[in-house]
Amino acid sequence: MKIKEYKEKYQKLWMIPSLLFALFNLGLGIYSTSIYSYSIAIYYFLLFFLRLLVNLKKNKKSVYGFYFALFILDIALIVPILMMVFQQKEVHFGLIIVITMATYTTYKVVITIMQILKNRKVNETKERMKTIIHIVDSCVSIINLQYALIVVNGGFVGREDMSLLSMISSFVIFVLMMASSIYFFKKEKEQIKIENYQE
């Protein structure tokens, strides 16, 4: 089998970890009856479907459709953040859950850095789409890890300081994520203009 065929098969596997993490959060929601965990699971399932759009044939309509869905998904993150900050239900789980989330978060951050470096060398729409999805995934996983660390250290109920801290940190991450999405969208618009001019 040629190296190119191996590469194409490997690239299709990039969606699997996030799908497994969505199932993990769904299981966590069922186990802990946490509305936040359910909302994050739904968010990751939607992020998985957004990944499927990357494999569509690239044209102006599909690119704009991708970024429209991305912005909707970015804004939708406000829902899990609010559920986390204003959660009034005691939730308990052990260190294994936290370690799992920390492992996934570390994995996503490393992959995101690698993808950003790759994107600097390869000027392709597909690679830019994959990069911004990795960035979003990393941001959400950091927020999710923050939630797990707070829960395992006493939770949110009756702790206004933790609620305020998580609100501020989540807002900073949310702004970073939105700024990244806007940056990549502008870059894509510039590329489309260049291609139209060349035609």
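Structure first, text after, so check above.
Report follows, based on the coordinates. (Residues numbered from 1 in each chain as written. Predicted model: local features only at pLDDT ≥ 70, side-chain atom pairs only at ≥ 80, totals over all residues. Heavy atoms only, no water.)

### Considerations on the packing of aromatic side chains
Any two aromatic rings considered together are summarised by their centre-to-centre distance and by the angle between their planes. Using the following cut-off: Aromatic pairing here means that ring centres of Phe, Tyr or Trp (its six-membered ring) are within 6.5 Å. Orientation follows from the plane angle: under 30 degrees is stacked, over 60 is edge-to-face, and everything else is tilted. Buried residues are those whose accessible area, probed at 1.4 Å on protein chains only, stays under 20% of the maximum for their type, while exposed residues exceed 50% and partly exposed ones sit between those limits. By definition, any uninterrupted DSSP run of H or I lasting at least four residues is a helix, any uninterrupted run of E lasting at least two residues is a strand, and each is numbered from the N terminus.
Under the counting rule described, the total for this entry stands at twelve aromatic pairs. Plain terms: the ring middles of Phe66 and Tyr67 are 5.1 Å apart, the flat faces sit at 85° to each other, and that makes the pair edge-to-face. Here the two residues Phe66 and Tyr67 agree in accessibility, since each one is buried. Between the aromatic rings of Tyr104 and Tyr107, the centroid separation amounts to 6.2 Å while the plane-to-plane angle is 50°, which identifies the pairing as tilted. Within this pair, Tyr104 and its partner Tyr107 are both found in helix α6 (residues 95-121), separated by three residues, close to a single helical turn. Residue Tyr104 is classed as buried on the basis of its relative accessible area, which comes to 8%. For Tyr107, a relative accessible area of 34% gives the class partly exposed. Every member of this aromatic cluster is reached through a ring pair, and the members are Phe21, Phe24, Tyr44, Tyr104 and Tyr107.

### Points about the side chain of Thr112
The condition that has to hold: Here a polar contact is recorded for every N or O atom pair within 3.5 Å, except that within protein the pair must consist of a potential hydrogen donor and a potential acceptor, and residues adjacent in sequence are included only if both atoms are side-chain atoms. The contact criterion used throughout is that any non-hydrogen atoms of two residues lie within 4.5 Å.
Within the secondary structure, Thr112 sits in helix α6. A polar contact is formed between the side chain of Thr112 and the backbone oxygen of His134, at a distance of 3.0 Å. Excluding its chain neighbours within four sequence positions, the residues that come into contact with Thr112 are His134, Ile135 and Ser138.

### Quick look at the nonpolar core
Where we set the bar: The definition of a nonpolar core used throughout is a set of buried Ala, Val, Leu, Ile, Met, Phe, Trp, Tyr and Cys residues joined through side-chain atoms within 4.5 Å.
Tyr44, Phe66, Leu77, Phe93, Val136, Val140 and Met177 are the most contacted members of the largest nonpolar core, which totals 43 residues. Secondary-structure elements contributing two or more residues to this core are α2 (16-32), α3 (35-53), α4 (60-76), α5 (78-85), α6, α7 (125-152) and α8 (160-198). With twelve residues, the top contributor of residues to this core is α7. Sequence-distant contacts of Met177, defined by excluding residues within four places in its chain, comprise Tyr43, Asp74, Leu77, Val136, Cys139 and Val140.

### Regarding α2
Condition: Multiplying 1.5 Å by the residue count of a helix minus one yields the expected span of that helix. Arc definition: directions from the helix axis to the C-beta atoms.
For α2, with 17 residues, the first-to-last C-alpha span of 24 Å sits near the 24 Å given by 1.5 Å per residue. Within the span of α2, buried status applies to Ser18, Phe21, Ala22, Asn25, Leu28, Gly29 and Ser32. Around the axis of α2, the buried residues are gathered within 120° of arc, so they sit on the same side. Residues of α2 that are exposed and angled more than 90 degrees away from the buried face: Leu20, Ile30 and Tyr31. Following α2 by one or two positions, Thr33 adopts a phi angle in the positive range, close to 50°.

### Considering the pattern of salt bridges
In plain terms, the rule: Basic side-chain nitrogens of Lys or Arg form a salt bridge, by our definition, when they fall within 4 Å of a carboxyl oxygen of Asp or Glu.
Counted under the stated rule, the structure contains four salt bridges. A salt bridge links Lys108 to Asp137, with the shortest nitrogen-to-oxygen separation between them at 3.5 Å. Pair noted here: Lys108 is in helix α6 and Asp137 is in helix α7, with a separation of 29 residues, a long-range link. With its nearest N and O atoms 2.8 Å apart, the salt bridge here joins Arg128 to Glu188. Highlighted residues: Arg128 in helix α7 and Glu188 in helix α8, separated in sequence by 60 residues. Exposure class is identical for Arg128 and Glu188. Each is buried. What emerges from the salt-bridge pattern is a single network uniting Arg51, Lys108 and Asp137.

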